[in-house]
Amino acid sequence: MSYYYAKTVDGDFESIVEKVHAELQKEGFGVLADIDIQGALKKKLGVDFRKYRILGACNPPFALKALETEDKIGTMLPCNVVVQETGDGQVEVAAINPVQSMIGVGNDDLLGIAKQIGEKLQRVIQAL
C-alpha cells in the first residue's frame, strides 16, 4: 500500500487547484495552508521550478477526534495534498494516505479515524 493516492489529469494548473479546493470542501475539508513551492524556491534560491502547490487540508471534526485520541498527532496534521505540473498540460494531484502515516504512531484507535479520512481523500482524487 502506497503512502499517497494520486491521479493525473489534463487541464490548466490553476483550474485544477480550484477544483481540488472544491472537492475537498465537499468532503468537509478546509484548506488551512496553500504553499506555493515554485514561488518560494524562486524567491529563496533563485531556482526555476515547475508549478507545485501543497494544500494543507483539515477536516475539523476528524482532526478533533484525532487530537483527543493522541495529543501529539498535531505533528502529522493537516493532511497534505500536492498539486503539481507534470508536463504536456497535465497536472498530478496526490494526497497522503493517512492509514500509512498512522501505522507508525502505534495507536490502534487512530486507524479507524485515518481510514475514514483516507476514504474521503480518495473520493476527492477520484472526482477530479
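The preceding data block contains the structure.
Residues numbered from 1 in each chain as written. Predicted model: local features only at pLDDT ≥ 70, side-chain atom pairs only at ≥ 80, totals over all residues. Heavy atoms only, no water.

Engineer: Which residues make up the side chain of N107, and what are the values?
Structural biologist: With respect to the helices and strands, N107 occurs in the loop between helix 4 (98–103) and helix 5 (108–126). For N107, the side chain forms a polar contact with the main-chain nitrogen of D109, separated by 2.9 Å. (Helix = DSSP H or I, 4+ residues; strand = E, 2+ residues; numbered from the N terminus. Polar contact = N/O pair within 3.5 Å; in protein donor to acceptor, adjacent residues only side chain to side chain.)

Engineer: Quick rundown of the side chain of E27? Include the residues and the values.
Structural biologist: You can see E27 is positioned in the loop between helix 1 (13–26) and strand 2 (30–36). With relative accessibility at 15%, the residue E27 sits in the buried group. Excluding residues within four positions of it along the chain, E27 makes contact with N59, K120, R123 and V124. (Buried < 20%, exposed > 50% of the residue type's maximum accessible area, 1.4 Å probe, protein only. Contact = heavy atoms within 4.5 Å.)

Engineer: Could you give an account of empty space enclosed by the protein, naming the residues involved and the relevant values?
Structural biologist: Per the stated rule, a full pass over the model turns up one cavity of 30 Å³ or more. In this structure, the largest cavity occupies an estimated 210 Å³ of space. Taken together, 20 residues form the lining of the largest cavity, with A66, L77, C79, P98 and I117 sitting closest to its centre. Within the residue set of the lining of the largest cavity, elements represented by two or more residues are strand 3 (52–58), helix 3 (60–69), helix 4 and helix 5. Considering every element that reaches the lining of the largest cavity, the biggest residue donor is helix 5, with four residues. (1 Å grid on protein atoms, 1.4 Å probe; cavity = no way out; pocket = protein on both sides within 12 Å on 5 of 7 lines; lining within 4 Å. Points joined across faces, edges and corners; volume = space filled by probe spheres on them.)

Engineer: Before we move on, can you summarise helix 5 with the specific residues and values?
Structural biologist: Counted at 1.5 Å a residue, the expected span for helix 5 with its 19 residues is 27 Å, and the 27 Å between its end C-alpha atoms agrees. Listed as buried for helix 5 are L110, I113, A114, I117, G118, K120, L121, V124 and I125. Where the residues of helix 5 are buried, they touch strand 1 (4–10), helix 1, helix 3, strand 4 (79–87), strand 5 (90–96) and helix 4. (Expected span 1.5 Å × (residues − 1).)

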